[in-house]
Amino acid sequence: MSISASTSATVGEIADWLDAQGMDGAIDVAPDEAATRITGAASLACATAEQVSYYDGDRRSADLATSTRAGLVLTNEAGRQHLPRGVCCLVVDQPRLAFARVLERLYALPARPAGVHASAVVDESATIDPSARIDAQVSIGAGARIGPKVVIGPGCVVGSNVVIGEATRLLARVTVLDDSLIGARCVIQPGVVIGSDGFGLAQDNGVWRRVPQVGRVVIGNDVDIGANTTIDRGALDDTVIADGVKLDNLIQIAHNVRIGEHSAVAGCAGLAGSSEVGRHCTLGGGVGLAGHLTLADNVHITGMSMVTRSIHRPGVYSAGTPLDTNERWHRNAARFKQLDRLVRRVKQLEKRLGDKPTPEEDS
Amino acid sequence: MSISASTSATVGEIADWLDAQGMDGAIDVAPDEAATRITGAASLACATAEQVSYYDGDRRSADLATSTRAGLVLTNEAGRQHLPRGVCCLVVDQPRLAFARVLERLYALPARPAGVHASAVVDESATIDPSARIDAQVSIGAGARIGPKVVIGPGCVVGSNVVIGEATRLLARVTVLDDSLIGARCVIQPGVVIGSDGFGLAQDNGVWRRVPQVGRVVIGNDVDIGANTTIDRGALDDTVIADGVKLDNLIQIAHNVRIGEHSAVAGCAGLAGSSEVGRHCTLGGGVGLAGHLTLADNVHITGMSMVTRSIHRPGVYSAGTPLDTNERWHRNAARFKQLDRLVRRVKQLEKRLGDKPTPEEDS
Amino acid sequence: MSISASTSATVGEIADWLDAQGMDGAIDVAPDEAATRITGAASLACATAEQVSYYDGDRRSADLATSTRAGLVLTNEAGRQHLPRGVCCLVVDQPRLAFARVLERLYALPARPAGVHASAVVDESATIDPSARIDAQVSIGAGARIGPKVVIGPGCVVGSNVVIGEATRLLARVTVLDDSLIGARCVIQPGVVIGSDGFGLAQDNGVWRRVPQVGRVVIGNDVDIGANTTIDRGALDDTVIADGVKLDNLIQIAHNVRIGEHSAVAGCAGLAGSSEVGRHCTLGGGVGLAGHLTLADNVHITGMSMVTRSIHRPGVYSAGTPLDTNERWHRNAARFKQLDRLVRRVKQLEKRLGDKPTPEEDS
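The name that an unreviewed UniProt entry assigns to chain A is UDP-3-O-acylglucosamine N-acyltransferase, with the source organism given as Guyparkeria halophila. UniProt, in the comment section headed Subunit (unreviewed entry), describes chain A in these words: "Homotrimer."

Pasting the structure below:
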């Protein structure tokens, strides 16, 4: 069940919002429809006559579209065909994007008063913009600079000399350690740790000695960071998360990782030290990058793949083995350990039959 | 070393506790044994004459059983044979379950005073049952409803309109964001985040736009959630964790995941958006579920398997490759990239030898 | 960009520091060089004439060495050859280790005043050494003992009867639950949870019952623990992290795991219940250990490998499949499910050609 919207709007007003953002496509709303009041949003399956939904024309959801009771559906030309007669729709090029815009309006965050909660502990040398909100039990260190309209939710810890840009929100219980820089309009979910010491160790006759980590974390604008994700400070230079990067939950970003503009990383991924991800890349859930490698722009790695070498060409890359019944998997997995031998056995057979040798494949 | 029990009991009293719960099996205790006082619990290897242990008859632990010095062992008929003469035992059908019951009594949580700690910040519109305990530095938002005997440990953040059912315990530093519902008798370990925004993004000419997440998290009764696990709110509808589900540490539950009654998920697993897990399922450690798939009831996935398709039949499923020395692994792994070609080479050989073609296997 | 050092030193002073620690190797500094003032550290690529860097002679970084403008480089005989004439260097056996020592001096943590912050909530039965620092919004339970020079950063929760040894630092928002023991000189990053309940469950006719976890967590000296890592208390006996162990971020350590001295575990690894890791082992990122297995000393597991059996010999071990383009991977991965059959087909071919049967490989 969706939560309550903070505002309502008529279909006509929603059409105007989209129009104002150049997302009109083929919007045309009959006058009697324009007055329908929309009080919230829901999925095609659950939406009522007072709720807006969206449909991108995907055939797998056609059944849901055909039977929806939504009061308004944002859709495209392809999707329109599947909607029942009598369902009011606005036809746009990108229904999901239009839907996001409408949600932003209907579910606009309630304005909460600016100011510093009495229970917060703020170092006297920190600078807090008067339009910022510092919530209960927050701790802010010396020299920190908190920008306009920033929201620091309850239980957050902000270290010394941290800079947080305009309208960025730390939801709750976020830790940002000393000297980290965070841009504007970022959203940082609870439990995130930014600026922790990286895993920098030097061997000393069998004993690990820690190497002090003296780089920073630098995060651009419009970056989102999911719950309990960790981003280590650089060892010497900086760890850099560029503008528009989106990170899901429980991701590990090691020291000196660099992620390029508008790349997205799904949950449980791990990026080892000094790995570099290009722009417009996507890493699936649970993907692991070894250290000191580079991914070109527009590289896409499917879930749970291990990446041990640099990738220089755009494209989609994968690793892993398919799921099977445990019994069959056991038999096949055991053979994996004989693969090299098997290839040599086949080569031997080919030789016996007088085939010309098969050239080795490379990749 | 086990911690101190909060109470002690004689062997006779412990027999009576189990009896009262219908777990008596073949309990018979000699009168002189009944008076032995048990002051705590320990493993078979470490237990002293004042401690209770358990033995389920597993042959791999037979050596430990044979040499135990425990003052009392809960065991079954199979296990009884391995215990030394003179060790007092209670024979029950399910020794581990009986042991759990005894531990609950010996290590009953000390009753701590109800009430709201002076340092907690509680919105005036929140409802706190008088029997609940709100610990130091807790923050509770507007309209939250905290049920009877609930314990909110130190440093927790509870958002607006959150509802927490009777006797549920948030141990410490748990974050529950706005509108989440949590049932009764749940235990939620430190660092857990419930109700974070899911990874909902819409493409806008190469730039990711966030899609506001307006669903809720709904958690049933008797659900346990391990340390630093994250559960995202639904995008539109709810993320649902049903009654009796047990989640280990560092698990990622994405938006609109649904987990059925009495399923258990081990640590480091990741469930992508809209995946559905049936009832009485188990997911091993590090398992990854792709989005928008369904697991039937009684499906069991072994550790670190990647699941990319729905599973419609109960059973045990696996993926992955076996560990090997790095040197051998390198040789075999390289051949993985030639597998399709290898199969075709074998087919060619078979053809040359006049075999009838081998039909392709499907799965 | 590296953060500001807390102190500066001349090249001569740095040579003396290393000398005093027996790390002199072949230090010899011309008198005019000895006076150069070093105010911080940076990478070879970024260091200025006032900064120190290091170079271990690795050929892959030779280009960076050749063009460095660092005011001082710590290097070895091999590395010295690559540095430009005129760059001041100190030649030592272990440049990285020497660099760590120099960083410790240049970036020595500023002495912060001892004492308990006014916003901290400390049980009156807890013992806080007068030289310890307890920061804002910390909560400390009954009977806890906080040693000399310990730093408990903002937002930490320390449970009852916890003992923390000399000079250990909890950076921020760390949770240490009841009865945990932590040694001296440990560094624990934000979000870490120590002493959470393990995943101890007993089946009761299809319903999971939790088994109370009554063991402890015992952590040795000089242990480092990365951000958001979780360490469960033992079920009955203890979970043990020995002296000098280094744990990276987002690692799951289940109940009754034991990790031997000076082993290191990289991010996102998961160690299931009762697994035992020897001394001087390394586990790569994302490695998973099944429960109840043992790794000998000096075992090294490469990233993302699944370990399901004990390993009795030192060495490097691996699992997994190599990355490929998604298209090729699909074709090859499908064949993985036919591997056992493929081996039998090859055997058949060999038999037809009159080869003597190939003995099965074991491992």
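From this point, the narrative continues.
*Asks:* Lay out the packing of helix 1 (residues 11-20) of chain A against helix 5 (residues 95-106) of chain A with the relevant residues and their values.
*Replies:* Residues and elements named next belong to chain A. One can describe the packing of helix 1 onto helix 5 by two numbers: an axis separation of 10 Å at closest approach and a directional angle of 120°. Overall, the two elements helix 1 and helix 5 adopt an arrangement that is oblique. Our pair here, helix 1 against helix 5, has a crossing hand that is right-handed. The segment helix 1 lies against helix 5, with Ile14, Trp17 and Leu18 engaging Ala98, Arg101, Val102, Arg105 and Leu106. Of the residues that constitute the contact of helix 1 with helix 5, the class distribution is 6 nonpolar, no polar and 2 charged.

*Asks:* Before we move on, could you go through the UniProt feature "domain: Mannose-1-phosphate guanyltransferase C-terminal" (unreviewed entry) in chain A and cite the residues and values that matter?
*Replies:* Within this structure's numbering, the places UniProt gives as "domain: Mannose-1-phosphate guanyltransferase C-terminal" (unreviewed entry) are residues 136-232 of chain A. A helix fraction of 0% and a strand fraction of 39% characterise residues 136-232 of chain A, whose end C-alpha atoms lie 26 Å from each other.

*Asks:* Just give me the short version of the relation of the copies chain C and chain A, but keep the residues and values in it.
*Replies:* Superposition of chain C onto chain A requires a rotation of 120° combined with a translation of 0.0 Å along the rotation axis, giving an RMSD of 0.0 Å. Taken together, the rotation angle and the small translation identify this as a three-fold axis.

*Asks:* I'd like a description of the UniProt feature "active site" (unreviewed entry) in chain A, backed by residues and values.
*Replies:* All names here are of chain A. What UniProt calls "active site" (unreviewed entry) maps, in this numbering, to His255. Its location among the elements puts His255 in the loop between strand 28 (252-253) and strand 29 (258-259). Setting aside residues no more than four positions away along its own chain, His255 makes contact with Gly198, Phe199, Gly200, Gln213, Asp232, Arg233, Gly234, Ala235, Thr239, Gly273 and Ser274. Engagement of the side chain of His255 in a polar contact is seen with the side chain of Gln213, the distance being 2.7 Å.

*Asks:* Go over the sheet that holds strand 6 (residues 89-91) of chain B with me, naming the residues and quoting the values.
*Replies:* Residues and elements named next belong to chain B. Strand order in the open sheet formed by 4 strands is 3-4-5-6, and the pairing between neighbours is parallel. The outermost strands of the open sheet, each flanked by one partner alone, are strand 3 (40-41) and strand 6. Note: strand 4 (residues 51-55) against strand 5 (residues 72-75), 4 bridges, orientation parallel. Opposite Tyr54, over in strand 5, you have Leu74 as the bridge partner.

*Asks:* Describe the confidence of the model for chain A, naming the residues involved and giving the relevant values.
*Replies:* Counting all residues, the mean pLDDT for chain A is 94, and 96% of those residues have values of 70 or more. Here the complex is predicted with pTM 0.96, and the ipTM for its interfaces comes to 0.96.

*Asks:* Mind laying out helix 6 (residues 326-336) of chain C, listing which residues take part and the relevant values?
*Replies:* Looking at helix 6 of chain C, one finds that the buried residues are Trp329, Asn332, Ala333, Arg335 and Phe336 of chain C. Projection of helix 6 of chain C onto a plane perpendicular to its axis shows the buried side chains occupying an angular sector of 150°, all on one side.

*Asks:* Tell me about the interface of chain C and chain A, residues and numbers included.
*Replies:* Counting residues at the interface gives 80 residues for chain C, matched by 82 residues for chain A. For the pair chain C and chain A, the summed buried surface comes to about 6,700 Å²; carbon and sulfur atoms form 61% of the total. For the chain C face of the interface with chain A, the top three residues by lost area are Arg173, Leu323 and Phe336 of chain C, together amounting to 11%. Across the contact surface, chain C and chain A share 5 salt bridges. Of the charged contacts, one joins Glu350 of chain C and Arg345 of chain A as a salt bridge, the two residues approaching to 2.9 Å between their closest N and O atoms. Applying the counting criterion to the chain C and chain A interface returns 32 residue pairs in polar contact (both at pLDDT 80 or more).

*Asks:* Kindly report on the sheet that holds strand 19 (residues 187-188) of chain A, identifying the contributing residues and their values.
*Replies:* A sheet is described by the order of its strands in space; here 12 strands give the open sequence 7(A)-10(A)-13(A)-16(A)-19(A)-24(A)-27(A)-30(A)-33(A)-36(A)-38(A)-39(C), paired in mixed fashion. Only two strands of the sheet have a single neighbouring strand rather than two, namely strand 7 (115-116) of chain A together with strand 39 (324-325) of chain C. Where strand 36 (residues 299-301) of chain A meets strand 38 (residues 315-318) of chain A, 3 bridges bridge the pair, whose relative direction is parallel. Bridge pairing in strand 38 of chain A places Ile301 of chain A opposite Tyr317 of chain A.

Scoring rules and cut-offs
- Residues numbered from 1 in each chain as written.
- Chains lettered and ligands numbered in written order.
- Predicted model: local features only at pLDDT ≥ 70, side-chain atom pairs only at ≥ 80, totals over all residues.
- Heavy atoms only, no water.
- UniProt positions renumbered as here; feature names shortened; annotations may be inferred.
- Axes fitted to C-alpha atoms, helices over the stretch in contact; angles between N-to-C directions.
- Helix = DSSP H or I, 4+ residues; strand = E, 2+ residues; numbered from the N terminus.
- Parallel < 35°, antiparallel > 145°, perpendicular 65-115°, else oblique.
- Left-handed = near helix turned anticlockwise from the far one by under 90°.
- Contact = heavy atoms within 4.5 Å.
- Nonpolar A, V, L, I, M, F, W, Y, C, P; charged D, E, K, R; others polar.
- Least-squares fit on C-alpha atoms with pLDDT ≥ 70 in both.
- Polar contact = N/O pair within 3.5 Å; in protein donor to acceptor, adjacent residues only side chain to side chain.
- Pairing = 2+ DSSP bridges.
- pLDDT = per-residue confidence, 0-100.
- Buried < 20%, exposed > 50% of the residue type's maximum accessible area, 1.4 Å probe, protein only.
- Arc of directions from axis to C-beta.
- Buried area = accessible area lost by both parts, 1.4 Å probe.
- Salt bridge = Lys/Arg side-chain N within 4 Å of Asp/Glu carboxyl O.

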